[in-house]
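# A closer look at the structure
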Amino acid sequence: MASRRSLDTTRELLLDAGRDLLIANGIHVGMDDINLIDVCRNAGLKTAGSGYKIWPNQDEFRADLVTYLMEHATASFATIDDIDATIARRPLPPLGELIRTAARANEELNTSTYPLYVVLWLSAQSDASLGAVFREQDEKWLAVMAEFFAHILDVYDLELVPPFTIDQFATAISGLVEGFTIRRRATPELVPDEVLRPTGPDGTLQSWTLYAIGVEAIFAAFTRRRGSSST
Amino acid sequence: MSRRRTLNETKELLLATGADMLAGDTPKVTVGRLDLTEVSRHAGFTTAGSAYKIWETQEDYRIEVLRHVLRAIPADRSPIDALRSIVVDDPDALPTFTELIRNITITGSSAWAADITLYTVYLALWTASPGDPELAGELHDADVEIIGAYAELYAAVMDAYDLEFIPPYDASMFATTVSAISEGFTVREGATPHVFAAALERPTGEDGAVQEWSLFGCAVQAIITAFVRPRTQPAEVPEV
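Report follows, based on the coordinates. Note that the coordinates shown come from a computational prediction; the quantities given were computed from them, not determined experimentally.

Quick notes on the rules
Starting afresh in each chain, residues are numbered from 1 along the sequence in its written order. Labels are handed out in written order, letters beginning with A for the chains and numbers beginning with 1 for the ligands. At least 70 in pLDDT is required for a residue's local features to be given in this predicted model, at least 80 for side-chain atom pairs to be given and counted, and no such filter applies to totals for whole chains, interfaces and linings, which use all residues. Hydrogen atoms and water are omitted, and side-chain values are computed over all heavy atoms in the structure. Think of a salt bridge as a Lys or Arg side-chain nitrogen and an Asp or Glu carboxyl oxygen that are within 4 Å of each other. Under the DSSP-based scheme used, a helix requires at least four consecutive residues in state H or I and a strand at least two consecutive residues in state E, with every element numbered from the N terminus. Only protein chains enter the accessibility calculation, which uses a 1.4 Å probe; a residue whose area is less than 20% of its type maximum is buried, one above 50% is exposed, and one in between is partly exposed. Only rings of Phe, Tyr and Trp enter the pairing, Trp through its six-membered ring, and a pair is recorded when the two centres are within 6.5 Å. The plane angle decides the type: under 30 degrees is stacked, over 60 is edge-to-face, the rest tilted. Here, a charge over a ring is recorded when the distance from Lys NZ or Arg CZ to the ring centre is within 6 Å and its angle to the ring normal is within 35 degrees. Every residue pair with non-hydrogen atoms within 4.5 Å of one another is taken to be in contact. Computed with a 1.4 Å rolling probe, the buried area is the accessible surface lost when two parts are put together, summed over both parts. Under this definition, polar contacts are N or O atom pairs within 3.5 Å; protein pairs additionally need one hydrogen-donor-capable and one acceptor-capable atom, and for neighbouring residues in sequence, both atoms have to be side-chain atoms. Lines fitted to the C-alpha atoms define the axes, with helices restricted to the stretch that makes contact. Angles between their N-to-C directions range from 0 to 180 degrees. Geometric relationships in this document are graded by angle, where less than 35 degrees denotes roughly parallel, more than 145 denotes roughly antiparallel, 65 to 115 denotes roughly perpendicular, and other angles denote oblique. Take the far helix as the reference: if the near one is turned anticlockwise from it by less than a right angle, the crossing is left-handed, and if turned clockwise, right-handed.

### Digging into the pattern of salt bridges
Pairing of side chains with opposite charge becomes possible as their charged atoms draw close. All names here are of chain A. Following the criterion strictly, the structure yields 24 salt bridges over all chains and no others. For Asp 16, the salt bridge identified is with Arg 19, shortest N-O distance 3.5 Å. One end of the pair, Asp 16, and the other, Arg 19, are both in helix H1 (residues 2-25), three residues apart, so they sit about a helical turn from each other. Across the salt bridge formed by Glu 97 and Arg 100, the nearest N and O atoms sit 2.8 Å from each other. Within this pair, Glu 97 and its partner Arg 100 are both found in helix H6 (residues 95-126), separated by three residues, close to a single helical turn. The class of Glu 97 is partly exposed, set by a relative accessible area of 25%. The network of salt bridges with shared partners includes Asp 16, Arg 19 and Asp 20.

### Here's the deal with the packing of aromatic side chains
A full pass over the atoms with the stated rule returns 19 aromatic pairs over all chains. Ring centres 4.8 Å apart and planes at 70 degrees place the aromatic pair Trp55(A) and Phe61(A) in the edge-to-face group. Residues Tyr169(B) and Phe227(B) carry aromatic rings whose centres are separated by 4.2 Å and whose planes lie at 25 degrees to one another, so their mutual orientation is stacked. Of this pair, Tyr169(B) sits in the loop between strand S1 (163-165) and helix H10 (171-191) while Phe227(B) is found in helix H12 (residues 215-227), placing the two residues 58 residues apart along the sequence. Both residues of the pair, Tyr169(B) and Phe227(B), count as buried. One aromatic cluster is present, built from ring pairs that chain together Phe148(A), Phe149(A), Phe164(A), Phe169(A), Phe219(A) and Phe222(A). Its guanidinium or amino end placed over the ring of Trp126(B), Arg185(A) lies 4.3 Å from that ring's centre, counting from NZ or CZ. Note that Arg202(B) overlies the ring of Trp213(B), its terminal NZ or CZ placed 4.7 Å from the centroid.

### Thoughts on the interface of chain A and chain B
If you look at the interface, chain A gives 52 residues, while chain B gives 54 residues. Summed over both partners, the interface of chain A with chain B buries about 4,500 Å², with 69% contributed by carbon and sulfur atoms. Scanning the region where chain A abuts chain B turns up four salt bridges. The partner of Asp143(B) in a salt bridge is Arg183(A), with the nearest N and O atoms 3.1 Å apart. The interface formed by chain A and chain B contains 13 residue pairs in polar contact (both at pLDDT 80 or more). Elements with a minimum of two residues in the side of chain A that touches chain B: H6, helix H7 (128-155), helix H8 (166-186), strand S2 (195-197) and helix H9 (210-222) of chain A. Ranked by the residues each element gives to the side of chain A that touches chain B, the list is headed by H8(A), at 15 residues.

### Concerning helix H6 (residues 97-105) of chain B
All buried positions along H6(B) are accounted for by Phe97(B), Glu99(B), Leu100(B), Ile101(B), Arg102(B) and Thr105(B). Against the buried residues of H6(B) lie helix H5 (78-87), helix H9 (133-160), S1, strand S3 (211-213) and H12 of chain B.

### As for the side chain of Thr223(A)
You can see Thr223(A) is positioned in strand S4 (residues 223-225). In terms of polar contacts, Thr223(A) uses its side chain to reach the backbone carbonyl oxygen of Phe219(A), at 2.6 Å.

### Some words on the packing of H8(A) against helix H8 (residues 116-128) of chain B
Interhelical geometry of H8(A) versus H8(B) gives an angle of 55 degrees and a closest axis separation of 11 Å. Here H8(A) lies oblique to H8(B), going by the angle between them. When you trace H8(A) past H8(B), the crossing you get is left-handed. Residue-level contacts link Thr181(A), Ile182(A), Arg183(A), Arg185(A) and Ala186(A) of H8(A) to Tyr119(B), Tyr122(B), Leu123(B), Trp126(B) and Thr127(B) of H8(B).

Okay, here's the thing in structure tokens:
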């Protein structure tokens, strides 16, 4: 038992060291230059022996690192928990208000975790076996997001307008936040911190992000009141 | 003088070869697999010795190739040209606005964001840019230029269809949002391609006829619906 715990601890130590090395190398190169010997050295181990007790070869190490990083790159689970708590309360906040506040929180979280995700995405494009691991993890993430959005639609008594599926709806909103994360770093002056709209009580001005406005637009076009025949 | 010119020529050759391997008509490698020895061989050298006289490390070389490719991206203005030719060059034969949106988005998001290979290069540079202010500046300037060109074109489209942006939106916000959708959808398509595989059939044709849409097109239409309305005031006529 002690020995197993020790292997788990070593695994986590080395996966953390792999992530650090990836960032230190310049993450644009992706996973190709990450090897177990360097990682072990970076983690303060004299040899790579402990590493090879956990992973029989480099490919398995890199695949495990992708899984580990994907799990840690999805920090927006925190937003999901917050939103779930918000929509469990009564009275239910208006959908527009939920979108306005949740979108901003989601955008802020995404800014810190997204560059690492992009590195994994780039590696997945160049390496078939890493790509398979990456896509498996992304499928799991899509399933979580689809379930999350299905729950929101239920709570607000909405349904998808045919022919849209919940996967397409979740993908559209995920794509939007990803695109804005890229834009905010590349051209910050084109993405205003806030856009003031008269959406508050009695038409008072409220602060929106362009992303939140986009999410509201996707909701308006892709969903409708349950049982109605138009949006 | 002659030796310096030779080094410059070697440098150009190795950059062009790397760019072709990365983003040519038939890309052979992606950024992380761009190996200087392999590039040298493709360029006709027997070893990578000459290359290492120019670049200290493979990393230095990779970044420079990426920049080399990036400079070609703003040159791809085919989506802008295609839209302009429909809306500006032949205003008497305008399709319906819905048909215009459907048509220019039907090929999906990656065609809109230039090319998936070039976009992969762009994203690689994007991840590298925080540690390289000069690179960040180059990316920024190229992006501002291309999004500005789109914003200008969208304003012309609004005019052609007698539409206007709903305050407080403007052409720049709209162009930035469409760019974000295009880029984010390109990433999504690379991660979960099956979500994008089938065209969406919607009754948007004449008399409710079913037409094929891309998911990207549906998202762009959603944004247009939120940002745009029929013009409420006559267009301003400039004073003579």
